[in-house]
Amino acid sequence: MTRTHSIAGAHSLKSFLVRRVVQIRCGADRYPVLIGTGLLDRFGTHVRKNLPREMCVIISDRNVALLFANRVKNSLSSAGFHPTLITIPAGEKSKTLKQAGAICDWMIAAGLDRLSFVVGLGGGMIGDISGFVAAIYHRGIPHIQIPTTLLAMVDSSIGGKTGVDTRDGKNLIGAFHQPSLVIDDVDVLKTLPRRQFNQGFAEIIKHAVIADAKMFQILQTWKVGAAPALQRLIKRNIQIKSRIVGRDERDKTGERALLNFGHTVGHAIERAGNYRKFLHGEAVSLGIVAACAISVKRAGLRPDQRAAIVDLLERFGLPTRLPPNFPRKKIFDAIRFDKKFEGGKVRFVVTPRIGTARITNDVTLNDIREAVKQL
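Residues numbered from 1 in each chain as written. Predicted model: local features only at pLDDT ≥ 70, side-chain atom pairs only at ≥ 80, totals over all residues. Heavy atoms only, no water.

### Let's talk about the overall build of the protein
Part 1 of the reasoning: Tallying secondary structure elements over the protein gives 14 helices and 13 strands in all.
Part 2 of the reasoning: Rg of the C-alpha trace for the protein: 20 Å, near the compact-globule value of 21 Å for 375 residues, within the 12% margin.
Part 3 of the reasoning: For the protein, the spread of C-alpha atoms along the principal axes amounts to about 60 × 45 × 40 Å.
Part 4 of the reasoning: When the 375 residues of the protein are sorted by exposure, 60% land in the buried category.
Part 5 of the reasoning: Surface summary for the protein: the accessible area is close to 15,400 Å², and the carbon and sulfur share equals 50%.
Part 6 of the reasoning: Looking at the protein, you have 57 positive and 31 negative side-chain charges, and the mean spots of the two groups are 2 Å apart. (Helix = DSSP H or I, 4+ residues; strand = E, 2+ residues; numbered from the N terminus. Rg over C-alpha atoms; globule rule 2.2 N^0.38 Å. Buried < 20%, exposed > 50% of the residue type's maximum accessible area, 1.4 Å probe, protein only. Areas by Shrake-Rupley, 256 points an atom, 1.4 Å probe, with all protein chains shown as cover. Lys, Arg positive; Asp, Glu negative; His and termini not counted. Charge placed at Lys NZ, Arg CZ, Asp CG, Glu CD.)

As structure tokens, then:
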């Protein structure tokens with residue numbers, strides 16, 4: 001892996017709260033998110049305060065495990081825990097029901113029982129599959145997340161959605177299972193290649209578009225700076241997502257669906273590219289562009305605001321156009337399997353202006369087809 005400097009923000013971010021703990025409330029569940037530096041080496045101490053258990057498993061991919069697994073294991077052991085490490089191949093292709101079953105078999109063989117807990121050490125893929133394993137093992141054991149990408153810190157580690165992919169789509173098999181603790185050690189982001197780091201800004205920009213016009217303005221002048229500003233930005237995004245999730249934990253009222261802005265087309269692009277052409281955040285970026293085109297038509301988004309959103313995505317090195325030879329027909333085929341289709345109609349998220357969003361059933365497949373053709 002190549003190294004890059006962490007990206008941080010402008011002085012105007014000082015207006016945000018700078019305390020590095022966010023308390024998440026989802027239904028009956030309460031759990032802290034700790035944001036800071038040097039947290040991996042104190043991980044065991046933080047876990048001991050939250051989970052008085054002994055046996056645990058660390059689930060990671062082989063790339064991340066090489067970098068961080070020993071530190072996490074040593075910290076857990078020093079705090080009196082008995083950790084077992086399970087590694088799986090990196091990449092979305094590992095997020096399958098078969099792989100989840102194999103992990104459960106390994107856990108059984110290692111002697112983990114219903115009083116054990118799971119630690120997910122990695123990006124969004126690891127968070128999804130480790131959370132799913134925690135949800136089904138002995139009908140549910142605690143799950144701790146250590147996200148190692150910016151995207152996972154600001155998005156997938158929050159809210160309790162877990163799952164695995166099938167041949168026909170992403171996360172079609174899954175469960176709601178809130179973590180007991182989330183540890184965001186921003187030091188780990190120094191190991192990310194620039195492309196991996198930048199993809200996290202697709203979700204950050206999404207949050208700004210649907211819920212925070214002020215953050216959108218801040219991102220327009222974002223510059224390289226000190227780590228504390230990055231911590232504040234991560235915290236702000238966690239607050240946005242947790243507030244939305246807290247009002248609709250199990251995606252029943254439609255409030256949580258706002259977080260799917262850009263994801264209907266984005267997930268279809270991922271699948272059409274066989275999960276290899278684009279990173280998740282890159283596909284979401286393209287999905288946001290398509291959603292903005294539809295928002296101009298169906299929600300009254302001003303063309304200049306659409307242009308500002310596209311410009312901001314490009315500012316962080318995110319794609320806003322598909323390659324000419326990309327198999328667009330496969331995108332339309334994949335959209336039919338999206339979870340947001342209900343009764344043959346798609347619940348589509350549109351933005352009438354930067355800083356707000358809503359759900360509509362007025363978007364047609366032809367609208368989506370036209371937007372994809374423009375990519």
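### Side note on the packing of aromatic side chains
Part 1 of the reasoning: Scanning the model with the defined rule gives five aromatic pairs in all.
Part 2 of the reasoning: Between the aromatic rings of F201 and F316, the centroid separation amounts to 4.2 Å while the plane-to-plane angle is 10°, which identifies the pairing as stacked. Separated by 115 residues along the polypeptide, F201 in helix α7 (residues 200-211) and F316 in the loop between α12 (303-315) and α13 (328-335) bring together distant segments of the chain. Residue F201 shares its accessibility class with F316, and that shared class is buried. (Phe/Tyr/Trp six-rings, centres within 6.5 Å; stacked < 30°, edge-to-face > 60°.)

### What to know about the pattern of salt bridges
Part 1 of the reasoning: Going through the model one piece at a time under the given rule, you end up with 19 salt bridges.
Part 2 of the reasoning: Across the pair E255 and R247 runs a salt bridge whose closest N-O atoms are separated by 2.6 Å.
Part 3 of the reasoning: Looking at R247, the relative accessible area reads 49%, which means it is partly exposed.
Part 4 of the reasoning: Connected through salt bridges with shared partners, the residues E92, K95, D128, D165, K170 and E270 form a single ionic network. (Salt bridge = Lys/Arg side-chain N within 4 Å of Asp/Glu carboxyl O.)

### Focus on the packing of helix α1 (residues 43-50) against helix α2 (residues 62-78)
The description of two packed helices rests on the angle between their axes and on the distance between the axes.
Part 1 of the reasoning: Orientation of α1 relative to α2, taken along the N-to-C sense of each, is 50°, at an axis distance of 7 Å. Between α1 and α2, the angle falls in the class oblique. Helix-helix and strand crossings are classified by hand; for α1 and α2 the assignment is right-handed. Of the residues in α2, those touching α1 at F43, G44 and V47 are V72, S75 and L76.
Part 2 of the reasoning: Partitioning the contact of α1 with α2 into residue classes produces four nonpolar, two polar and no charged. (Axes fitted to C-alpha atoms, helices over the stretch in contact; angles between N-to-C directions. Parallel < 35°, antiparallel > 145°, perpendicular 65-115°, else oblique. Left-handed = near helix turned anticlockwise from the far one by under 90°. Contact = heavy atoms within 4.5 Å. Nonpolar A, V, L, I, M, F, W, Y, C, P; charged D, E, K, R; others polar.)

### Description of the confidence of the model for the protein
Part 1 of the reasoning: Residues of the protein with pLDDT of at least 70 account for 92%, and the chain-wide mean is 90.
Part 2 of the reasoning: In the model, residues 1-19 has pLDDT below 50 throughout and makes 57 contacts with residues more than four positions away in sequence or in other chains. (pLDDT = per-residue confidence, 0-100.)

### Looking at α12
Part 1 of the reasoning: Compared with an ideal rise of 1.5 Å per residue, which puts 13 residues at 18 Å, α12 spans 18 Å between its outermost C-alpha atoms and is within 8% of the ideal.
Part 2 of the reasoning: The set of residues buried in α12 consists of Q305, A308, I309, V310, L312 and L313.
Part 3 of the reasoning: G317 sits one or two residues past α12 and shows a positive phi near 70°. (Expected span 1.5 Å × (residues − 1).)

### Focus: the sheet that holds strand β3 (residues 55-61)
Part 1 of the reasoning: Sheet architecture is open: seven strands sit in the order β1-β2-β9-β6-β5-β3-β4, paired in mixed fashion. On the outer flanks of this sheet lie β1 (21-26) and β4 (82-88), each paired with one strand and no other. Pairwise comparison of adjacent strand axes, ignoring direction, gives a mean angle of 20° for this sheet.
Part 2 of the reasoning: As judged from the five bridges shared by β3 and strand β5 (residues 117-122), these two strands associate in the parallel manner. When the sheet's bridge partners are listed, S60 is paired in β5 with L121.
Part 3 of the reasoning: Together, β2 (29-36), β5, β6 (143-147) and β9 (181-185) form the strand contacts of α1, whose direction differs from that of β9 by roughly 160°.
Part 4 of the reasoning: Across the face of the sheet, α2 comes into contact with β3, β4, β5 and β6 while running at roughly 160° to β3. (Pairing = 2+ DSSP bridges.)

### Points about the pairing of β1
Part 1 of the reasoning: Residues V22, I24 and C26 of β1 are buried on one face, while the alternating residues V21, Q23 and R25, pointing to the opposite face, are not.
Part 2 of the reasoning: Two elements, β1 and β2, share six bridges in a ladder whose sense is antiparallel. Of the residues in β2, the one forming a bridge with Q23 is P32.
Part 3 of the reasoning: Connecting the antiparallel pair β1 and β2 is a turn made up of two residues, with G27 showing a positive phi of about 60°.

### Remarks on the nonpolar core
Part 1 of the reasoning: By size, the foremost hydrophobic cluster in this structure holds 101 residues, and its most contacted members are L189, F201, L219, I234 and I269.
Part 2 of the reasoning: Per-element tally for this core: the top contributor is helix α11 (residues 280-298), with 10 residues.
Part 3 of the reasoning: Those residues in contact with L219 that lie beyond four places of it in its chain are F201, I204, I205, A208, L233, L312, R315 and F316.
Part 4 of the reasoning: With 19 residues, the next largest nonpolar core counts I88, V133, I141 and V164 among its residues. (Core = buried A, V, L, I, M, F, W, Y, C linked by side-chain atoms within 4.5 Å.)

### Quick look at a nonpolar patch on the surface
Part 1 of the reasoning: Among the surface-exposed residues, L97, L172 and I173 lie close enough to one another that they form a single nonpolar patch of about 220 Å² accessible area.
Part 2 of the reasoning: Inspection of the secondary structure puts I173 in strand β8 (residues 169-176).
Part 3 of the reasoning: Judged by relative accessible area, I173 falls into the partly exposed class, the value being 31%. (Patch = residues over 30% accessible without salt bridge, like charges linked within 9 Å, V, L, I, M, F, W, Y side chains within 5 Å.)

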